[in-house]
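A structural walkthrough
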Amino acid sequence: MPREEGRDVAAAPPVPLQERLYRTEAIVLSRIDYGEADRILTVFTPMRGKIRVIAKGARRPLSKLGPHLEYFSRSRLMLARGRDLDTVTGAETVDAHLGLRADLDAFGHASHMAEVLNRLTQDRQENQALYDLLASSLHLLADGLDAFAVTRHYELGLLTLLGYKPELYRCVSCRTELAAAPNAFSSRLGGVLCPLCRAEDAGSRLLAVNTQKFLRTLDRHGLAPAARLPLDPGLRAELEGVLGDYLRGLIERDLSSLKVWRTLREAENAGDERNLHR
Ligand SMILES: [Zn+2]
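Residues numbered from 1 in each chain as written. Predicted model: local features only at pLDDT ≥ 70, side-chain atom pairs only at ≥ 80, totals over all residues. Heavy atoms only, no water.

Time to look at the overall build of the chain. Secondary structure summary: the chain contains 8 helices and 8 strands in total. Expressed as a percentage of its 278 residues, the buried residues of the chain come to 44%. Taking the intrachain contacts of the chain between residues at least 6 apart in sequence as the baseline, contacts between residues at least 24 apart amount to 59%. Carbon and sulfur atoms make up 53% of the accessible area of the chain, which amounts to about 14700 Å² in all. (Helix = DSSP H or I, 4+ residues; strand = E, 2+ residues; numbered from the N terminus. Buried < 20%, exposed > 50% of the residue type's maximum accessible area, 1.4 Å probe, protein only. Contact = heavy atoms within 4.5 Å. Areas by Shrake-Rupley, 256 points an atom, 1.4 Å probe, with all protein chains shown as cover.)

Applying the stated rule across the entire model yields 16 salt bridges. When the shortest N-O distance is used, the salt bridge between Glu-70 and Arg-31 registers 3.5 Å. Taken together, the positions of Glu-70 in the loop between strand S3 (49–55) and strand S4 (74–80) and Arg-31 in strand S1 (residues 21–34) put the pair 39 residues apart, joining distant regions of the chain. Judged by its relative accessible area of 31%, Glu-70 falls in the partly exposed class. Arg-76 is the salt-bridge partner of Glu-92, the closest N and O atoms lying 3.4 Å from each other. (Salt bridge = Lys/Arg side-chain N within 4 Å of Asp/Glu carboxyl O.)

So, about the side chain of Asp-38. Following the sequence through the fold, Asp-38 ends up in strand S2 (residues 38–45). As a buried residue without a salt bridge, Asp-38 has its nearest oppositely charged side chain in Arg-60, at a separation of 5.6 Å. Among the polar contacts listed, one links the side chain of Asp-38 to the backbone nitrogen of Gly-57, at a separation of 2.8 Å. Here Asp-38 is in contact with Ile-32, Asp-33, Ile-54, Ala-55, Lys-56, Gly-57, Ala-58 and Arg-59, once residues within four sequence places are set aside. (Lys, Arg positive; Asp, Glu negative; His and termini not counted. Polar contact = N/O pair within 3.5 Å; in protein donor to acceptor, adjacent residues only side chain to side chain.)

Turning next to the packing of helix H3 (residues 104–120) against helix H4 (residues 128–142). Remark: H3 packs on H4, axes separated minimally by 10 Å, with the N-to-C direction vectors making an angle of 170°. Here H3 lies roughly antiparallel to H4, going by the angle between them. Two secondary-structure elements touch here, H3 through Ala-106, His-109, Ala-110, Met-113 and Leu-117 and H4 through Leu-130, Leu-134, Ser-137, Leu-138 and Leu-141. Of the residues that constitute the contact of H3 with H4, the class distribution is 8 nonpolar, 2 polar and no charged. (Axes fitted to C-alpha atoms, helices over the stretch in contact; angles between N-to-C directions. Parallel < 35°, antiparallel > 145°, perpendicular 65-115°, else oblique. Nonpolar A, V, L, I, M, F, W, Y, C, P; charged D, E, K, R; others polar.)

Within the protein, the atoms that donate to the zinc ion are Cys-171 (SG), Cys-174 (SG), Cys-194 (SG) and Cys-197 (SG), at distances of 2.3 Å. One can describe the donor arrangement at the zinc ion as tetrahedral, given that its 4 donor atoms subtend angles of 103 to 116° at the metal. Look at where the donors of the zinc ion fall in the sequence and you get C-x2-C-x19-C-x2-C. On the criterion of sequence distance, the pair formed by Cys-174 in the loop between helix H5 (147–161) and strand S6 (183–186) and Cys-194 in the loop between strand S7 (191–193) and strand S8 (205–207) is long-range, its members being 20 residues apart. (Donors = N, O, S within 2.8 Å, 3.2 Å for Na, K, Ca; no water. Tetrahedral: all angles 85-135°; square planar, octahedral: opposite > 155°, others 65-115°.)

In this model, helix H6 (residues 209–221) (13 residues) spans 17 Å end to end at C-alpha, consistent with the 18 Å of a helix rising 1.5 Å per residue. Among all positions of H6, only Thr-211, Gln-212, Phe-214, Leu-215, Thr-217 and Leu-218 are buried. With its phi angle positive at about 90°, Gly-222 sits one or two positions after the end of H6. (Expected span 1.5 Å × (residues − 1).)

On to the environment of Asn-127. Structurally, Asn-127 is set in the loop between H3 and H4. Taking C-alpha positions, Asn-127 is 8.8 Å from Leu-162, a pair spaced 35 residues apart along the chain. If we skip the residues at most four places from it in the chain, Asn-127 touches Phe-44, Pro-46, Leu-161 and Leu-162.

What follows is about the sheet that holds S6. Taken in spatial order, the 3 strands make up an open sheet running S7-S6-S8, and their pairing is antiparallel. The open sheet has two edge strands, S7 and S8, and neither has a second partner. Averaged over neighbouring strand pairs, the angle between their axes works out to 45° when direction is ignored. Looking at chain direction, S6 and S8 are connected through 3 bridges and run antiparallel. Within the sheet, the bridge partner assigned to Asn-183 lies in S8 and is Leu-207. (Pairing = 2+ DSSP bridges.)

Shown next, in the form of structure tokens:
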């Protein structure tokens, strides 16, 4: 979106700190060390979506910020808008999700949740419902709930909130209502294929009746009823494989569209440089 006003701000005074400050809740998705003691973090926020921020001195042992910016912790941040990155000026933990740090399996599932969200969302794309889903899913993982069920619930919720909800009730090709029989899942077509249409995607994967039941229960009734369904290890592997394939396919597709989007944005910013800090 071109912003016309402010193109001739060469003589404008610098924005006072007070006006550059804002508060937000945030969950740390990823972070990298920067310089001698700083960290650059990718955080997800309720109103501003995914943003990258810098926490100066966060790696120093006595840093006031560091302890509130651990992986997957939910914190209230005070930030100052910057030219490229906003700077964390204050932080306070809301939920440290300590249980994740004591349980390697839960931590691995949390990493997967953060990674998928990071890869499938664009910067500053607001999605409060997705923030709430991430926060509640991390909380349940940290509380020791079945990591498998919590993660599948999160994946299906994220797909739905981002507009990629897989078709689970009608054949994605011929639109016939699906029977309670083994059908197949097509990542390419984004849903279940009936046995007659299965040949349309050679890469489709067979889905057992109970696997489909789990997905539909998750979709219609939520996490708790789905988690009560008996699922043997084979079906768990099938579900993980099907959703994992679908997510990977979307991420690859997204990466190419992201490149186009970045190029467009860079072109826009080049002509609108002084507005980089909004
Ligand atoms: Zn069909």
